[in-house]
Amino acid sequence: MVEQVALVIGGIAGGLLLLLLIGVSCCLWKRLCAKFTYEELPGTTAACSPQRDKLFQLPAAAQTSRPLGVPFVVPPSLQSQDWVPLHSREWAQVPQGPCPAPELLPHITGSNLGDVHVVGTINPELYKFPEDDSETNFPEGCLGRLWFSVEYQQEAERLLVGLIKAQRLQAPSETCSPLVKLHLLPDERRSLQSKTKRKTANPQFDEHFIFQVSSKSISQMVLRFSVFHVDRQRKHQLLGQVLFPLKNETLAGDCQRIIWRDLEAESLEPPSEFGDLHFCLSYNDCLSRLTVVVLRAKGLRLQEDRSFVSVFVKVSLMNHNKFVKCKRTSAVLGSANPVYSETFSFKAERTELDTASLCLTVLQSTEGEKSHQLGRVVVGPYMYARGKELEHWNEMLSKPKELVKCWHALGHTTES
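The following refers to the structure shown. (Residues numbered from 1 in each chain as written. Predicted model: local features only at pLDDT ≥ 70, side-chain atom pairs only at ≥ 80, totals over all residues. Heavy atoms only, no water.)

### Some points on the side chain of histidine 229
- Positionally, histidine 229 belongs in strand 6 (residues 222–230).
- For histidine 229, a relative accessible area of 4% translates into the label buried.
- Polar contacts involving the side chain of histidine 229 include one to the main-chain amide nitrogen of serine 177, which spans 3.1 Å.
- Dropping the residues within four chain positions of it, histidine 229 is found in contact with Pro172, Ser173, Thr175, Cys176, Ser177, Lys235, His236, Gln237 and Leu239. (Helix = DSSP H or I, 4+ residues; strand = E, 2+ residues; numbered from the N terminus. Buried < 20%, exposed > 50% of the residue type's maximum accessible area, 1.4 Å probe, protein only. Polar contact = N/O pair within 3.5 Å; in protein donor to acceptor, adjacent residues only side chain to side chain. Contact = heavy atoms within 4.5 Å.)

In structure tokens form, the structure reads like this:
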């Protein structure tokens, strides 16, 4: 009797445990299924602004339900096409319809979201490259144009020069056979030379040259490209030259720079008594800006040991013989023919140009001593200038926004 009661109690307890285990398993299964079931986040619809809903809402003609079995939304341009089921190793070719009509695309006016483009369309503005007019825009009287690259390796102290090409060289005869000589000024003795290109005014060189130069003196040097025509007697006739100052900002970054410059004719006139200065003038009416580009000087009469003398140019804007503003170039060490190629701008109204003038003074300085004046030139209206200086000023006014170049002889004045 006792054994029967024990068996009944054990059976009831086992049944209860079985029911409890089944209930726990059902709860766990529901939670696991809930993790893989998509649920729309509450408040999503309310968070969207009515303006945005209106902005991105497609017309009723373009809103269609997603086809069964397709796990993505079909673009409007493909919604009108029939769906072809694909099975393994089967291909289906669906005829491509024309582009969607403009009326099916959402028309968007000005809004705070900026320019909006429909997904699937191409914006041509993103694929436009900046136009390079270096091979098409040649000024009148151009002697030719030269492309080259410059890179300075700081650790190896090497200057790498790449001679790329030249275009529109003006040869003295019908055919042109150019070559280029490279000098690292102020050293005139050593030079490197390219190969001669036969019978072409647009040579493609693609040659590389190496100059060994210390990092301390590289910023004081000037790279000169001299382009020659080789005639039948193998005589060299100079077509033009390019002077490129090697300054710190030019060689910064240890990366290669591709540069182009127009050829300039070599000045065959002997320097004047105190030297000559080459610079450009330009005036912009719209900006009321007077621009001065100091290019170079030649034949300066340095009065000390050249290895300790630096030469610079001071540019002064004057009005009624009173200084308005002064600017100066960087100093070039130990050269009687320094190259600067530096640009300065001054604010000057058009009405002020009748009483304004520019004074460019070349000075030399030694360490610990006062600067000494080598010469100066004044350009301006008839009130302050005559001859070539007056002509240069008037030509600048007659050619607005255009750089006007000219050589000027330096005059000597007694320093106060």
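### Remarks on the environment of leucine 287
- Structurally, leucine 287 is set in the loop between strand 9 (276–284) and strand 10 (289–298).
- When the C-alpha atoms of leucine 287 and glutamate 349 are compared, they prove to be 8.7 Å apart, with 62 residues separating the residues in sequence.

### Some points on the pattern of salt bridges
- Scanning the model with the defined rule gives six salt bridges in all.
- Note that aspartate 262 is salt-bridged to arginine 145, the shortest N-O span being 2.5 Å. Taken together, the residues aspartate 262 in strand 8 (residues 257–262) and arginine 145 in strand 1 (residues 145–153) connect sequence positions 117 residues apart.
- In this structure aspartate 262 comes out as partly exposed when scored by relative accessible area, which is 25%.
- Among the residues examined, arginine 145 registers a relative accessible area of 2% and is labelled buried.
- Across the pair lysine 405 and glutamate 264 runs a salt bridge, and its minimum N-O distance is 3.2 Å. (Salt bridge = Lys/Arg side-chain N within 4 Å of Asp/Glu carboxyl O.)

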